[in-house]
Amino acid sequence: MSRPARPAPSPEAAPSSGVAPSLEVSGLAYAYPDGHQALFGVDLTVRRGERVALLGPNGAGKTTLVLHLNGILDAGAGTVRVAGLPVEKRNLAEIRRRVGIVFQDPDDQLFMPTVREDVAFGPASAGLRGAALEERVMAALKRVGMEEFATRPPHHLSFGQRRRVAVATVLAMEPEILVLDEPSSNLDPASRRELADILRTLDVTVLMVTHDLPYALELCPRAVILSDGVIAADDHTQELLCDTGLMRKHRLELPFGFDPRSVAVPRP
Amino acid sequence: MGAGHAHRLYRHGHSPVHRLPPHCKLVAVLGFVVVVVSTPREALWAFALYAVLLAAVAAVARVPAGFLLKRLAIEVPFVAFALLMPFVVPGEQTELLGLTVSVPGLWGAWNVLAKGTLGVAASVLLASTTELRSLLLGLQRLRLPPLLVQIASFMLRYGDVITDELRRMSIARRSRGFEARGVRHWGVLAKTAGALFIRSYERGERVHLAMVSRGYTGTMPVIDEVTASRAQWAYACALPVLALGVCLLGWTV
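Residues numbered from 1 in each chain as written. Chains lettered and ligands numbered in written order. Predicted model: local features only at pLDDT ≥ 70, side-chain atom pairs only at ≥ 80, totals over all residues. Heavy atoms only, no water.

The next thing to look at is the packing of aromatic side chains. Summed over all chains, the structure comprises 9 aromatic pairs over all chains. What links up through ring pairs into an aromatic cluster is the set Phe111(A), Phe121(A), Phe154(B), Tyr158(B) and Tyr216(B). A cation over an aromatic ring shows up here: Arg11(B) above the ring of Phe67(B), its NZ or CZ 5.2 Å from the ring centre. Directly above the aromatic system of Tyr158(B) lies the positively charged group of Arg157(B), at a separation of 4.8 Å from the ring centroid. (Phe/Tyr/Trp six-rings, centres within 6.5 Å; stacked < 30°, edge-to-face > 60°. Lys NZ or Arg CZ within 6 Å of the ring centre and 35° of its normal.)

Residue and element names in this part refer to chain A. Taking 1.5 Å of rise per residue, 14 residues should cover 20 Å, and helix H5 (residues 130-143) covers 20 Å from first to last C-alpha, within 8% of that figure. Turning to H5, its buried residues are Leu133, Val137, Ala140 and Leu141. The arc that holds every buried residue of H5, seen down its axis, measures 100°, which confines them to one face. In H5, the exposed positions angled more than 90 degrees off the buried face are occupied by Ala131, Glu135 and Lys142. Looking at the buried side of H5, the elements it contacts are helix H4 (115-125) and helix H6 (159-171). Two residues or fewer past H5, Gly145 is found with a positive phi of approximately 65°. (Helix = DSSP H or I, 4+ residues; strand = E, 2+ residues; numbered from the N terminus. Expected span 1.5 Å × (residues − 1). Buried < 20%, exposed > 50% of the residue type's maximum accessible area, 1.4 Å probe, protein only. Arc of directions from axis to C-beta. Contact = heavy atoms within 4.5 Å.)

Before going further, it helps to examine the sheet that holds strand E8 (residues 205-209) of chain A. Residue and element names in this part refer to chain A. The strand order E6-E7-E8-E3-E9-E10 describes an open sheet built from 6 strands, whose pairing is mixed. Lying at the two open borders of the sheet, with one neighbouring strand each, are strand E6 (99-102) and strand E10 (230-236). Within this sheet the neighbouring strands show an average axis-to-axis angle of 20°, counted without direction. Of the strand pairs in this sheet, strand E3 (residues 51-55) and strand E9 (residues 222-227) are connected by 4 bridges, and their pairing is parallel. Considered in E9, the bridge of Leu54 is made with Val224. Each of E6 and strand E7 (177-181) touches H6; the most contacted strand, E6, lies at about 165° to it. (Pairing = 2+ DSSP bridges. Axes fitted to C-alpha atoms, helices over the stretch in contact; angles between N-to-C directions.)

Residues and elements named next belong to chain B. With respect to the secondary-structure elements, Thr192 resides in helix H9 (residues 186-213). Residue classification places Thr192 among the buried residues on the basis of a relative accessible area of 11%. In this view, Thr192 contacts Leu166, Met169 and Arg173; residues no more than four positions away in its chain are not counted.

As structure tokens, then:
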């Protein structure tokens, strides 16, 4: 019943536009220093402007993969390229500007005393100062509808607001690709929808790591399943979710009563 | 809201003292305290003048006397120590309100009490007119080692987060019928402290990861430049300079 790992809407299939893909992972393998191998040759290409869901059971290596995208972890074998630039030590500053990771807990992401300073942290680290910095910060906050909260300390915000500010902190770096780790976790339904509305309006490539399958279906036309350290499936999200055998094999389960066939979904 | 980081010592306002750049105020308070400490304790009138100077600053800053006096309570442990001195310091004895006390002890107590109170009052004035956040910016501007400033600003950001974690752990303990009663339960509390330490440590690692992901390479980027004009410096230094005059008089008279 298993589906072979075929790069369904792959860049090769699309007419080549001459633009380097936002993300190009090939043959990526990694073992932790304690010997535990987490990735066994991951191949994944995300074209510019695509929104892709990265699905997979706990322990499949999702977080390990994400930490390779901006060079926090060094690839044991294989390569990662972001918009054509290889992830290597000498490129790290530029890579980290291009890859915006939004971590799961906004309290980890927002470490500065005020929202404004937090959003400014990335661009200021890259050397932006003065009016240009201010402009960048306000533009990022505006994109997530949080510009009125600029002077507030993060712990005075609701969880949903903090998540949105966390998105703004990486948007301020004008990234090539936005990587979201469990963006819908701990959000109430209203905040969840607000975040989805914001993500849809962003003109940026998105890789979304999630267990929330309806959310993946709602936002990402394409999904990949990472299982046991390899990409086990790569297809339209709706087709993946409808393949019950594949889903069961990789410990993926839809919420009770949810039928992925019953909803209208975005098509690539 | 939008008032930034409010803390209990801070009193929101728009007085000229509030508006002074934080590093000017820090230098002024430090200068004032040094001058006060170097004044001879026998010059009683000098300390009265210092108090008048501080009262003038408080008036300009529109900090009410009651507010200031209440915040002075932090000094109480030192006062207790000062009150002991007349009884324990050896030396010439004298009668005061029917008690036998030592003269050097009395002078010592007066010295600690007067200088301590003035120092605390100046610091309270600084804290009530300057937000914590700006104080940190001021310290950064004054070239305090950046690591110390970073540690202090993370305390500012994560103090509430950690307190909240501690509160949740306490609720979890009590929900399972635990009530800390006496020495036998200290072990449980110690384990809570240990768990909190590990949680904070792990959070520290995650925060560091988030910082590195956004380009952190060991130094905090400059986001808010605090600058002071010559006039602002002059205004801030009025307090320590006047105090210095008083101090010099105290040594010569």
